[in-house]
Amino acid sequence: MFGFLIAVIAGAATPKLETPLARPLARALREHIPVAAEEVRVLAFMIALVCAAVLCALFDAGTPLGLAVGGALGYFGQRVWRVIAREVERRKS
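Right, let's walk through the structure included here. (Residues numbered from 1 in each chain as written. Predicted model: local features only at pLDDT ≥ 70, side-chain atom pairs only at ≥ 80, totals over all residues. Heavy atoms only, no water.)

## Regarding unusual backbone geometry
Selection rule: Under the scheme used here, helices are H or I runs from DSSP no shorter than 4 residues and strands are E runs no shorter than 2 residues, and both carry numbers assigned from the N terminus.
Of note, the phi angle at Asp60 is positive, near 50°, even though the residue is not glycine. Following the sequence through the fold, Asp60 ends up in the loop between α2 (40-59) and α3 (64-92).

As structure tokens, this is what we get:
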């Protein structure tokens, strides 16, 4: 469960990692591998999940499935929450 929570936090932190980590890495990679502007967010997500995987290994917590599901829920969490809130509001009215 702890690994899942680490992954959720990593997924949610993805947009904040884009500017300080993913963009410089993309610039460094462009010399060898072309990186499209749309791929920078994916690169940030990859960095976040690798960090989460390292933390999970250090704490001996979590499974690969928990890491993948937690990262996806963290990444899409705000959108999922808005859909749920909209549906609840629709059912109230």
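## A few points about the side chain of Glu18
For clarity, the cut-off: Should any heavy atoms of two residues lie within 4.5 Å, those residues are considered in contact.
Relative to the assigned elements, Glu18 resides in helix α1 (residues 2-29). Apart from the residues within four sequence positions on either side, Glu18 is in contact with Arg23, Val40, Arg41 and Ala44.

## Notes on the nonpolar core
The condition that has to hold: Take the buried residues of types Ala, Val, Leu, Ile, Met, Phe, Trp, Tyr and Cys, join any two whose side-chain atoms come within 4.5 Å, and each joined set is a nonpolar core. Partly exposed residues are those whose accessible area sits between 20% and 50% of the maximum for their type, while under 20% is buried and over 50% is exposed, using a 1.4 Å probe and protein chains only.
Among the nonpolar cores identified, the biggest contains 15 residues, and Ala22, Ala26, Ala52 and Leu67 are the most heavily contacted of them. Elements with a minimum of two residues in this core: α1 and α2. Here this core gets 7 residues from one element, more than from any other, and that element is α2. Leave out the neighbours within four places in its chain, and Leu67 touches Gly3, Ala7, Leu49, Ala52, Ala53 and Cys56.

## Section: the side chain of Thr14
Threshold: For this analysis, a polar contact is any N or O atom pair within 3.5 Å, provided that within protein one partner can donate a hydrogen and the other can accept it, and provided that sequence-adjacent residues contribute only side-chain to side-chain pairs.
Examined against the element boundaries, Thr14 turns out to sit in helix α1. The exposure class assigned to Thr14 is buried, which follows from its relative accessible area of 0%. Separated by 3.2 Å, the side chain of Thr14 and the backbone oxygen of Ala10 make a polar contact.

## So, the pattern of salt bridges
Rule in force here: When a carboxyl oxygen of Asp or Glu is within 4 Å of a side-chain nitrogen of Lys or Arg, the pair counts as a salt bridge.
All told, the structure shown has 4 salt bridges when counted by the stated rule. Between Arg90 and Glu87 there is a salt bridge; the shortest N-O distance is 2.3 Å. Of the two residues, Arg90 and Glu87 both sit in helix α3, 3 residues apart, roughly one turn of that helix. For Arg91, the salt bridge is made with Glu87, and the minimal N-O distance between the two is 3.4 Å. Taken together, the residues span about one helical turn, with Arg91 and Glu87 both in helix α3 at a distance of 4 residues. According to the relative accessible area criterion, Arg91 is exposed, its value standing at 65%. One salt-bridge network, in which partners are shared between bridges, spans Glu18, Arg23 and Arg41.

## Quick word on the environment of Val80
Here Val80 shows up in helix α3. The class for Val80 is partly exposed, based on a relative accessible area of 38%. Counting along the chain gives 44 residues from Val80 to Ala36, while the straight-line C-alpha distance between them is 27 Å.

## Observations concerning a nonpolar patch on the surface
What counts is decided by this rule: Residues enter patches when they are more than 30% accessible in relative terms and free of salt bridges; like-charged ones are connected within 9 Å and nonpolar ones (Val, Leu, Ile, Met, Phe, Trp, Tyr) within 5 Å. Values of accessible area rely on a 1.4 Å probe in the Shrake-Rupley scheme; residue burial ignores everything except the protein chains shown.
A grouping of Phe2, Leu25, Met46, Val50, Val54, Leu55, Leu58 and Phe59 is seen on the molecular surface, where their side chains present a nonpolar patch of about 760 Å² in accessible area. Contributions of two or more residues to the nonpolar patch are made by α1 and α2. In terms of residues, the nonpolar patch owes the most to one element, α2, which gives 6 residues. Here Met46 is to be found in helix α2. The partly exposed category is assigned to Met46, whose relative accessible area is 43%.

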